[in-house]
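Residue-level structural notes
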2 protein chains.
Amino acid sequence: MDDRPAHVVIVGGGFAGLWAARALARAPVRITLLDRGNHHLFQPLLYQVATAGLSAPDIAAPLRRILRRQRNVEVQMATVSRVDAQAREVELEHAGGRRRLGYDYLVLATGATHAYFGNEHWAPHAPGLKTLDDALELRRRLLLAFERAEAATDPAERDAWLSFAIIGGGPTGVELAGTLAEIARHTLEREFHNIDPARARVRLVEAGPRVLSAFPEDLSRKARRQLEQLGVEVLTGAPVEDIDARGYRCDGRFVPARTVVWAAGVSASPLGSCLGVALDRAGRVKVRPDLSVPGHPEIFVAGDLAAVERPDGRPVPGVAPAAKQMGRYVARRIRARLGGRAVPDRFAYRDYGNLATIGRMAAVVELGAWRLSGVLAWWFWLLAHLFFLIGFRNRLVVLLNWSVAYWTHQRAARIILGGDDRSDRD
Amino acid sequence: MDDRPAHVVIVGGGFAGLWAARALARAPVRITLLDRGNHHLFQPLLYQVATAGLSAPDIAAPLRRILRRQRNVEVQMATVSRVDAQAREVELEHAGGRRRLGYDYLVLATGATHAYFGNEHWAPHAPGLKTLDDALELRRRLLLAFERAEAATDPAERDAWLSFAIIGGGPTGVELAGTLAEIARHTLEREFHNIDPARARVRLVEAGPRVLSAFPEDLSRKARRQLEQLGVEVLTGAPVEDIDARGYRCDGRFVPARTVVWAAGVSASPLGSCLGVALDRAGRVKVRPDLSVPGHPEIFVAGDLAAVERPDGRPVPGVAPAAKQMGRYVARRIRARLGGRAVPDRFAYRDYGNLATIGRMAAVVELGAWRLSGVLAWWFWLLAHLFFLIGFRNRLVVLLNWSVAYWTHQRAARIILGGDDRSDRD
């Protein structure tokens, strides 16, 4: 071995990758953090950008800025196209072309993206929500739909523009449906002449038997009731059979809906498949208990790209706290290998609980045996998210936007960018 | 005449159109306000979106929201493609297709856009700044340039990415150049490994003999000095001869610059040419002294689309206060025709002065005989712009962003959206 510090390459600046980089701040390593964007994204609030409550920069911060005081890390904006585990190199694509970058340790934390499970032709008609660009595209579609309804002369056409479907009753679907119902009922009140936005139909379509299936049954029931009070029609046991530009098919029946949002499933980033090891059905890497890749103790996988089980056999969920914990654990494992303090050889997920917001003053919270729903749960959710948001300025701006929204029902970012083209125009 | 109130169609929701609509609030008319976007834009702060200081929704508000309490106005998001002055109809293109809309009075306030005066092939290499989409594209280019420089392996390539040129020394050019110099010298400090952002060269290239030619000569001189103190290289008497993806040609010399911004000229919206009346060189409609169109007393033109002279022969400038005054004047003329109070038959521009900001604590202000430059002028500029910004929330968010930027040199919106493609990639 030469004298140079070990080179740790981290791919992905999300919760797992960024927390891994930070936890290596005092380690005798040099770190290269690669991300295809220039920012860390606070994904739990992404739905608020999609629903015009926050603007994109409110929930994102430049990775360079976050890490500027950490001298052992270099940030590069680049897409990793391949991992060559034999040569211990990753292949980058960036502005200057392709190049290869060697590593001593590799942390893969490229997360997940929405997936249509063989129905990729649905994508243009039912966009998903994983990046800021996705969120801005959704915002455009949601706001334009009301404009289209207002301009429509044919009543059936108008109704189709006022018909919204969110496919998938997980946390993202529930948040989007609840917020959209609030927009239709309150935010747009008295602003239109030819339509009554409050007559918009917001349907939440879930294939399984209940919404928020990761929560206990009684909280799912309460979430459903809260959604219905906000004006959302909740359909469970309703797998979607087809989606096109005019609507979707479910239970053999075609439902006109010019705006369909996909929140029904994610699959892991394709980078995992370069490793030549077993993946689970969602494309996640089946890692060893210490999050390393079988046969490659120098490669770790953290965050949504990793398939990890808890002692009781349940999977570690794809949530921000789990990603941060994995990132930190991987950093400690690397430090231990470099002569630092020993670390248990099994990642232990510490489950602090589960929160989901539903809409104005509606949420569900599960903290061990402690369960909350309604207004109190909503306040808890709000404070928790504000607390975990990165950056002093972001917190203040978000708090201000939320306060104004709370009192006025107004939303800060109701701006249609990019003209009124829709990619699914027909 | 029938009993229905007169129908006033206003095209454009900028300062002229929006102020005309508001000033007709109590008039016995029904108003249709048409805009191709859904928002009113506070254009004086657009350069701050382009330079990542503010996010797009901070300086824009939905037209429907602004006008929701004014019951005699209907907002439609639509593009007006033609005016048929004989039939008294405008032709709309919107979501539902084309249609025609009749009017009793027409107010054209579609403003201006940047113009390349016969060099339209420069447009992809030197984008301009008139809309929020323009501003976000500029932000992307400015931020990506530093990323590209960081990734470059060839020194000449790196220098070309660190070379910025702003073409045009008017207020927009001066604002962009000063702010960009601040970003390079302060905002990005210590964030890069392979480059020193402070070594970026920001050139402001003006064809005429001085920057800010609308100001008195001594203020132009002071503005130039302030720009140079901020690190901008100011070139005057330097008409640009060519622009391509790699740089620009000026004085027979090619200057490498991967990021060129066009702030050198605007021309009026093409709608004026439908009227069959005389236009000036910039395509503006030569209106009568009461802002009506010769031969069509029922059509008014307000804002940047109107070519109006002051009593001393100087043109009314294309600034926000002039547009608002024209909008209000036109509204009063229409009210007078409908039996309201008589109004002078000549629009009189009230010149409150001229402000231009240059960068951190640098600005010039001319208020009649009163002239200011430097820190005091900057505070004056800041308070004036905050005061005129629409919306309580926007003011607070902008104030907060500015305060944080002032103390930390940080900018709130340093987010690259849309991946790292550049339309001028070569």
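Residues numbered from 1 in each chain as written. Chains lettered and ligands numbered in written order. Predicted model: local features only at pLDDT ≥ 70, side-chain atom pairs only at ≥ 80, totals over all residues. Heavy atoms only, no water.

Another aspect to go through is the overall build of chain A. If you tally the helices and strands in chain A, you get 10 helices and 25 strands. By the compact-globule yardstick of 22 Å for 426 residues, chain A fits well, its C-alpha radius of gyration being 22 Å. Across the 426 residues in chain A, those meeting the buried criterion constitute 60%. When contacts within chain A are restricted to residue pairs at least 6 apart in sequence, long-range pairs at least 24 apart make up 64% of them. For chain A, the exposed area adds up to about 17,500 Å²; of that, 51% sits on carbon and sulfur atoms. Taken together, the 58 basic and 46 acidic charged side chains of chain A have centroids lying 7 Å from each other. (Helix = DSSP H or I, 4+ residues; strand = E, 2+ residues; numbered from the N terminus. Rg over C-alpha atoms; globule rule 2.2 N^0.38 Å. Buried < 20%, exposed > 50% of the residue type's maximum accessible area, 1.4 Å probe, protein only. Contact = heavy atoms within 4.5 Å. Areas by Shrake-Rupley, 256 points an atom, 1.4 Å probe, with all protein chains shown as cover. Lys, Arg positive; Asp, Glu negative; His and termini not counted. Charge placed at Lys NZ, Arg CZ, Asp CG, Glu CD.)

Let's shift gears to the pattern of salt bridges. Residue and element names in this part refer to chain A. Taken as a whole and assessed by the stated rule, the structure comprises 44 salt bridges over all chains. A salt bridge links E91 to R82; the nearest nitrogen and oxygen atoms lie 3.9 Å apart. A residue is classified by how much of its surface remains accessible, and E91, at 15% relative accessible area, is buried. Note that R314 and D312 form a salt bridge whose closest N and O atoms lie 2.9 Å from each other. One network of salt bridges, with partners in common, ties together R82, D84, E89, E91, E93, R98 and R100. (Salt bridge = Lys/Arg side-chain N within 4 Å of Asp/Glu carboxyl O.)

Let's shift gears to the packing of aromatic side chains. All names here are of chain A. Applying the stated criterion across every chain yields a total of 23 aromatic pairs over all chains. Relative to F347, the ring of Y329 lies with its centre 5.5 Å away and its plane at 65°, an arrangement referred to as edge-to-face. Of this pair, Y329 sits in helix α8 (residues 320-337) while F347 sits in the loop between α8 and β23 (354-359), placing them 18 residues apart in sequence. Given a relative accessible area of 6%, F347 falls into the buried group. The cationic tip of R22 hangs over the ring face of W19; the distance from NZ or CZ to the ring centre is 4.9 Å. (Phe/Tyr/Trp six-rings, centres within 6.5 Å; stacked < 30°, edge-to-face > 60°. Lys NZ or Arg CZ within 6 Å of the ring centre and 35° of its normal.)

Taking the numbering used here, the UniProt-annotated feature "transmembrane region" (unreviewed entry) corresponds to residues 369-392 of chain A. Overall, residues 369-392 of chain A shows 62% helix and 17% strand. The separation of its end C-alpha atoms is 33 Å. (UniProt positions renumbered as here; feature names shortened; annotations may be inferred.)

It is worth spelling out the side chain of Q76 of chain A at this point. All names here are of chain A. If you trace the backbone, Q76 turns up in strand β5 (residues 73-77). The class for Q76 is buried, based on a relative accessible area of 10%. Of the polar contacts made by the side chain of Q76, one reaches the side chain of E74; its length is 3.2 Å. If sequence neighbours within four positions are ignored, Q76 has contacts with T32, L33, L34, D35, R64, L92, H94 and R99. (Polar contact = N/O pair within 3.5 Å; in protein donor to acceptor, adjacent residues only side chain to side chain.)

Every contact between the two is made by 51 residues of chain B and, on the other side, 52 residues of chain A. Taking both partners together, chain B and chain A bury about 4,700 Å²; carbon and sulfur atoms supply 59% of that area. In this structure, the connection of chain B to chain A is made through four salt bridges. One salt bridge in this structure joins E147 of chain A and R64 of chain B, with 2.8 Å as the shortest N-O distance. Of all the secondary structure elements, the ones that give two or more residues to the side of chain B that touches chain A are β4 (60-62), α3 (63-66), β5 (73-77), α4 (132-151) and α10 (392-408) of chain B. Here the side of chain B that touches chain A is built from residues that sort into 24 nonpolar, 11 polar and 16 charged. (Buried area = accessible area lost by both parts, 1.4 Å probe. Nonpolar A, V, L, I, M, F, W, Y, C, P; charged D, E, K, R; others polar.)

All names here are of chain A. By the assigned domains, chain A splits into domain 1 (6-36 + 78-114 + 266-337) and domain 2 (122-264). Using C-alpha coordinates to define each centre, domain 1 is positioned 34 Å away from domain 2. Across the contact, six residues belong to domain 1 and six residues belong to domain 2. Both sides of the domain 1 and domain 2 interface together cover about 390 Å² of buried area, and 59% of this is carbon and sulfur. Linking domain 1 with domain 2 are zero salt bridges. Along the contact surface separating domain 1 from domain 2 lie zero residue pairs in polar contact (both at pLDDT 80 or more). Per element, the largest residue contribution to the side of domain 1 that touches domain 2 is three residues, and it comes from strand β10 (residues 112-114). The residue inventory of the side of domain 1 that touches domain 2, partitioned by class, reads two nonpolar, two polar and two charged. (Domains from an automatic or database assignment.)

A few words on the nonpolar core. V90 and L132 of chain B are the most contacted members of the largest nonpolar core, which totals 131 residues. Counting contributing residues, this core receives three or more from each of domain 1 (6-36 + 78-114 + 266-337) and domain 2 (120-264 + 353-408) of chain B. One finds Y103, W161, L271 and L305 of chain A within the second-largest nonpolar core, a separate group that totals 130 residues. (Core = buried A, V, L, I, M, F, W, Y, C linked by side-chain atoms within 4.5 Å.)

All names here are of chain B. The four strands are arranged β13-β12-β11-β17 in an open sheet whose pairing can be described as parallel. The sheet is open, and its two borders are formed by β13 (232-235) and β17 (259-262), each paired with just one other strand. Direction aside, the axes of adjacent strands within the sheet are offset by 20° on average. Note: strand β12 (residues 201-205) against β13, four bridges, orientation parallel. In the sheet register, R203 faces β13, and the bridge partner there is E233. Strands in contact with helix α6 (residues 171-187) are β11 (163-167), β12, β13 and β17; relative to β12, the strand with the most contacts, it is inclined by about 170°. (Pairing = 2+ DSSP bridges. Axes fitted to C-alpha atoms, helices over the stretch in contact; angles between N-to-C directions.)

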